[in-house]
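# Notes for the structure review
The primary structure of each chain is shown beneath.
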Amino acid sequence: MSALTTDEPDLDAFARAVASEAAAIGAGFALVFFSQSLVEAGALARALSAHAPGLHHAGCSTAGEITPQGLEEGHMLAMLLPSAAFTAVSAMVDNLSSSGMDRITGEVEALRRALRVRMGGERTRNTFALCFIDGLSYAEEAVSSAIHWGLDDIPLLGGSAGDDLKFETTRLISNGRVTSDSAIIVLIATEIPFHVFKTDNFVPTDEKLVVTASDADHRIVREFNATNAAEEYAASVGIVPQTLTPLSFASHPVVVKVGGEYYCRSIQRMHADGSLSFFCAIDDGVVLSIAQPKDMVESTRAALREVEERLGGIDLILGFDCVLRRLDARNRQVFRDISELYRVNNVVGFGTYGEQYRSMHLNQTFTGIAFGERQAAE
């Protein structure tokens, strides 16, 4: 595998470099992640189609990038998969807001058939699935669940596209097409050993917030515990409501218990009326717990060490890292430490507006797929 990155907006130069590297390593598929502050999605798609017409690609806009140098912003990144070791097929699902879940499951089943054909009818045992979803679509839970349903036992992970915390428009690109309100599903079969994992850095406290008034369709909470949402949240974490910012929400996450495990339900922003927008689905009656952060560096290091021991060495990790982790790392002055951890463990990927892991849509989590070294497998 090979990863190329740049913070220069010269799209032709980047696309030519991608084409050259793809030819050198025999790559048939590329994952492409990009900052909309650096480049426009349509122009990037056109450049890739012009300079690397035979290279299939899929990807999305970001809320920060993870490059071979660590955590970055304002970059574009291409991860190339050599055809000798990876077989990939992809599909784009448009109009998520009006799509039935049966249609998405059908797309997954069609992709599985396409992959079997590409593999010459062989059983696609060592297969994983990636998904990239418009992070402003309010549809990630339903889409992740529908994809997972169609995959059977194939592991799924991915990230919600971002737009550098502007919360205006995210973009997805697939083989020259550019869309919003859509999702891309990629199925990949490989002979390289891999392991799918997730890690977070919070523990629940006894402080509870019950959603008593909400707009579920738009993920907005108006009241916690029959009190204005921002005021009640701020009181629970010991902050003045008027000073709430994305940093506050990153530093004081709320979690929900599902099947015996706690998952983050991150707050996106506060509105003028004191209501709160969430990155995840929310509804009346949901019980949230205020969470206490753990040491992000140590919890991340422990997770990466466990992955390395499991695989007998890491060649590369494709990672999806919540933008709120990035904000929290800056706030706690461990940004450089996290960045260095990613660099030494060969992590590439992007900052997300949410993470997909198996059937779940998550927040404030790092999800990844680690690839082992072929020699270790042999």
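This report concerns the structure included in the present document. What you see is a predicted model; the values in this text were computed from it and never measured.

A word on the packing of aromatic side chains. For any two aromatic rings, the description comes down to two numbers: the centre-to-centre distance and the angle of the planes. Enumeration over the complete set of coordinates arrives at 15 aromatic pairs. Ring geometry for Phe197 versus Phe366: centroids 5.9 Å apart, planes at 40°, classification tilted. Of this pair, Phe197 sits in strand S13 (residues 194-199) while Phe366 sits in strand S26 (residues 366-371), and the two are 169 residues apart along the sequence. Here the two residues Phe197 and Phe366 agree in accessibility, since each one is buried. Members of the aromatic cluster, connected to one another through ring pairs, are Phe33, Phe132, Phe320 and Phe350. The ring of Tyr357 is capped by Lys198, whose NZ or CZ atom sits 6.0 Å from the centre of that ring. Over the ring of Phe335 we find Arg330; its NZ or CZ atom is 3.9 Å from the centre of that ring.

To continue, consider the packing of helix H3 (residues 101-118) against helix H4 (residues 140-151). It is at 8 Å that the axes of H3 and H4 come closest, and there the two elements cross at 40°. Regarding the angle of H3 to H4, the classification is oblique. H4 is crossed by H3, and the crossing has right-handed handedness. Between H3 and H4, the contacting residues are Met101, Ile104, Thr105, Val108, Glu109 and Arg112 on the first element and Ala142, Val143, Ala146, Ile147, Trp149, Gly150 and Leu151 on the second. Looking at side-chain class alone, the contact of H3 with H4 contains 9 nonpolar, 2 polar and 2 charged residues.

What follows covers the pattern of salt bridges. Oppositely charged side chains can form a pair if their charged atoms are brought close together. Tallying each qualifying case throughout the model produces 12 salt bridges. Among the ionic pairs, Arg326 bridges to Glu73, the shortest N-O distance being 4.0 Å. Here Arg326, found in helix H8 (residues 323-331), pairs with Glu73, found in the loop between strand S5 (70-72) and strand S6 (76-82); they are 253 residues apart in sequence, far enough to count as distant. Judged by its relative accessible area of 4%, Arg326 falls in the buried class. Residue Asp328 is joined to Arg332 by a salt bridge in which the shortest nitrogen-to-oxygen separation is 2.8 Å. A residue is classified by how much of its surface remains accessible, and Asp328, at 2% relative accessible area, is buried. Overall, the relative accessible area of 38% leaves Arg332 in the partly exposed class.

Calculation rules
Residues numbered from 1 in each chain as written. Predicted model: local features only at pLDDT ≥ 70, side-chain atom pairs only at ≥ 80, totals over all residues. Heavy atoms only, no water. Phe/Tyr/Trp six-rings, centres within 6.5 Å; stacked < 30°, edge-to-face > 60°. Helix = DSSP H or I, 4+ residues; strand = E, 2+ residues; numbered from the N terminus. Buried < 20%, exposed > 50% of the residue type's maximum accessible area, 1.4 Å probe, protein only. Lys NZ or Arg CZ within 6 Å of the ring centre and 35° of its normal. Axes fitted to C-alpha atoms, helices over the stretch in contact; angles between N-to-C directions. Parallel < 35°, antiparallel > 145°, perpendicular 65-115°, else oblique. Left-handed = near helix turned anticlockwise from the far one by under 90°. Contact = heavy atoms within 4.5 Å. Nonpolar A, V, L, I, M, F, W, Y, C, P; charged D, E, K, R; others polar. Salt bridge = Lys/Arg side-chain N within 4 Å of Asp/Glu carboxyl O.

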